[in-house]
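Here is how the chains run, residue by residue.
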Amino acid sequence: MTKTTHFGFNTVAEAEKARKVAGVFDSVAERYNLMNDVMSAGMHRLWKRFAVETSGVKKGDRVLDIAGGTADLSALFLEQVGSNGEVWLTDINNAMLTIGRDRLLDEGAAVSVAQCDAEKLPFPSNYFDCVSVAFGLRNMTHKDVALKEMLRVLRPGGRVIVLEFSKVWKPLQSFYDLYSFKVLPAMGGLIARDPDSYRYLAESIRVHPSQEELKQLMQNAGFERVEYFNLSASVVALHRGYKF
Ligand SMILES: C[S@@+](CC[C@H](N)C(=O)[O-])C[C@H]1O[C@@H](n2cnc3c(N)ncnc32)[C@H](O)[C@@H]1O
């Protein structure tokens, strides 16, 4: 029987999900950064800075940025690791990755780039001090497989940080629903000329695991000392886990 999964509120064949996700990011890549600033009122920059600070990355470290897209996290990690460190910007989507790579090159940053699927990482085991994934896990077909891959490439003592939309603080739920299902698609239509992709964004957040469920998924994958930090009334959560 064909295995199915979520694509927003729709149920699709597993094989179809990656194709549909690729369609979303091919479509929004050019306006992705502008949309992030507008729809989060600039907050995404603070969430990402908090994520990098919480990662504990220091000079000389090796960092893998998975689903790195337009390279916001990679740019911050490059500042942290200095000239003796190593940062890999990776993503499955060529349109997103090209924008990220060009931006870092324009900034004169020395970054390594690889187009790859988080579920099959082309890196050796026990190599990285830190693996990050920001707003990417939600889009992956087999989150459990991706998390196990992240664990594999981390060195013992290394940590993963997962920044993702999460379950919002209950009293804000109805306002958040209105914003997500009415305002966001309208903004996506105006700015990115693609309301459907931003409707998918809102739906994919609703079917993504809660803070506690994601913590459990990370523990099941083999991460230890998993904890999370709720940000902006839990619109977003940062999870951190270690490999020992
Ligand atoms: C919302 S963007 C996040 C980009 C960036 N990390 C940020 O925070 O701005 C999600 C990214 O996940 C990537 N992605 C989706 N599925 C993936 C997979 N299986 N492996 C690697 N990247 C994936 C998409 O191509 C897209 O660039």
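Shown above is the structure to which this text applies.
Everything in this summary refers to the structure shown in the same document. (Residues numbered from 1 in each chain as written. Predicted model: local features only at pLDDT ≥ 70, side-chain atom pairs only at ≥ 80, totals over all residues. Heavy atoms only, no water.)

### Observations concerning the pattern of salt bridges
Part 1 of the reasoning: Applying the stated criterion across every chain, the model contains 15 salt bridges.
Part 2 of the reasoning: Here aspartate 72 makes a salt bridge to lysine 48, at a shortest N to O gap of 2.8 Å. Pair noted here: aspartate 72 is in helix 4 (residues 72-81) and lysine 48 is in helix 3 (residues 43-54), with a separation of 24 residues, a long-range link. Both residues of the pair, aspartate 72 and lysine 48, belong to the buried class. (Salt bridge = Lys/Arg side-chain N within 4 Å of Asp/Glu carboxyl O. Helix = DSSP H or I, 4+ residues; strand = E, 2+ residues; numbered from the N terminus. Buried < 20%, exposed > 50% of the residue type's maximum accessible area, 1.4 Å probe, protein only.)

### A few points about the pairing of strand 9 (residues 236-242)
Part 1 of the reasoning: Among the 7 residues that make up strand 9, 7 are buried, leaving the element largely enclosed by the rest of the structure.
Part 2 of the reasoning: The side-chain alternation of strand 9 yields two buried faces, one formed by Val236, Leu238, Arg240 and Tyr242 and the other by Ala237, His239 and Gly241.
Part 3 of the reasoning: Pairing geometry for strand 8 (residues 224-231) and strand 9, over 6 bridges, is antiparallel. Of the residues in strand 9, the one forming a bridge with leucine 231 is valine 236. (Pairing = 2+ DSSP bridges.)

### Looking at the environment of serine 210
Part 1 of the reasoning: Here serine 210 is to be found in the loop between helix 8 (195-207) and helix 9 (211-221).
Part 2 of the reasoning: The exposure class assigned to serine 210 is buried, which follows from its relative accessible area of 17%.
Part 3 of the reasoning: As for serine 210 and glutamate 53, which are separated by 157 residues in sequence, their C-alpha atoms are 23 Å apart.
Part 4 of the reasoning: Those residues within four positions of serine 210 in sequence are excluded, and the remaining contacts are Ser166 and Lys167. (Contact = heavy atoms within 4.5 Å.)

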